[in-house]
Amino acid sequence: MLKVYGFSKVNAVARGNTRDLRVLWALEEMELPFELVGMDHSAHELSTDAYRKLSPFEQIPAIDDDGLVLSESAAIVIYLAKKAGKLIPSDPAGEAQVVRWCFAAMNSVELPLLSILLIDWAKDDSCGKHRQNTLAWANRLLTGLEHWLDRREYLATEHFTVADILMSHVLTEIKDEGLIAPYGHVASYRNRCLARPAWKRTIDNYLARVETA
């Protein structure tokens, strides 16, 4: 049985924003059975020798699929898609496009968005110049994404893939709607992905289960 390590308890700020949601959403879309192993962040359950063997950086999510261990949400959803034969094309060219956009979500778009989120959480007035520079960085990437999504429903193919799970979840890190407002295609894309029934089931189940530390 596939084991998925996700949060059972996490701090209030992070609850509803954690990266295990990406894996749980993918599994819901693929209708794959799994066993959820809940981890209590406040009890330091991620900082044990046993868990570091699964996730070297003490992060959620991780999986153990009958001895095959993976951490990193993008690596996990790509692995699951290829295993299930769902949410990723079977041909090399199509697969390459999905992998491309998985990397784009993680390595390009998420970096400035997450940086802005962390700056705003810190509420440190001395970070004003850094926030301004990071905002310009985010706008450059959102502009590129806006152009790409013109006349496209999804990122990599004509159909919803794991790349869309990653990218749309990354876009939920935008808490200031003023940042995304100028990018109508991006906003519509995010809303379209988050309107999927599998996402709604995933987030509802998560919020019913995960406690606030």
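Note that this is a predicted model, so its numbers are computed, not measured.

Which parts of the structure should I look at to understand the pattern of salt bridges?
A side chain with one charge can pair with a side chain of the opposite charge if their charged atoms come near. Applying the stated rule across the entire model yields 12 salt bridges. The residue K83 makes a salt bridge to D65 at a minimum N-O spacing of 2.6 Å. On the criterion of sequence distance, the pair formed by K83 in helix α3 (residues 73-84) and D65 in strand β3 (residues 62-65) is long-range, its members being 18 residues apart. D65 sits in the buried class, given a relative accessible area of 7%. Several salt bridges converge on common partners, so that one network encompasses R19, R22, E110 and E173.

What should I look at first to understand unusual backbone geometry in this one?
One can expect most non-glycine residues to show negative phi and most peptide bonds to be in trans. In this structure, the amide linkage connecting I60 to the following residue, P61, adopts the cis form with an omega of 10 degrees. The residue E31 is not glycine, and still its phi comes out positive at about 60 degrees. With respect to the helices, strands and loops of the structure, E31 is situated in the loop between α1 (20-30) and β2 (35-40). Here the phi dihedral of D66 falls at roughly 50 degrees; this positive angle occurs in a residue that is not glycine.

Help me understand the pairing of β3 in this model?
Look at any regular strand and the pattern is simple: side chains alternate between the two faces of the sheet. The alternating pattern of β3 places A62 and D64 on one face and I63 and D65 on the opposite face, and all of these are buried. The pairing of strand β1 (residues 2-10) with β3 spans four bridges and is antiparallel. Each bridged residue has a counterpart across the sheet, and for K3 the counterpart in β3 is D64. Sheet topology note: the β3/strand β4 (residues 68-71) ladder contains four bridges and is antiparallel.

Basis of the calculations
Residues numbered from 1 in each chain as written. Predicted model: local features only at pLDDT ≥ 70, side-chain atom pairs only at ≥ 80, totals over all residues. Heavy atoms only, no water. Salt bridge = Lys/Arg side-chain N within 4 Å of Asp/Glu carboxyl O. Helix = DSSP H or I, 4+ residues; strand = E, 2+ residues; numbered from the N terminus. Buried < 20%, exposed > 50% of the residue type's maximum accessible area, 1.4 Å probe, protein only. Pairing = 2+ DSSP bridges.

Spatial relationships are all this shows, so hold off on functional conclusions.
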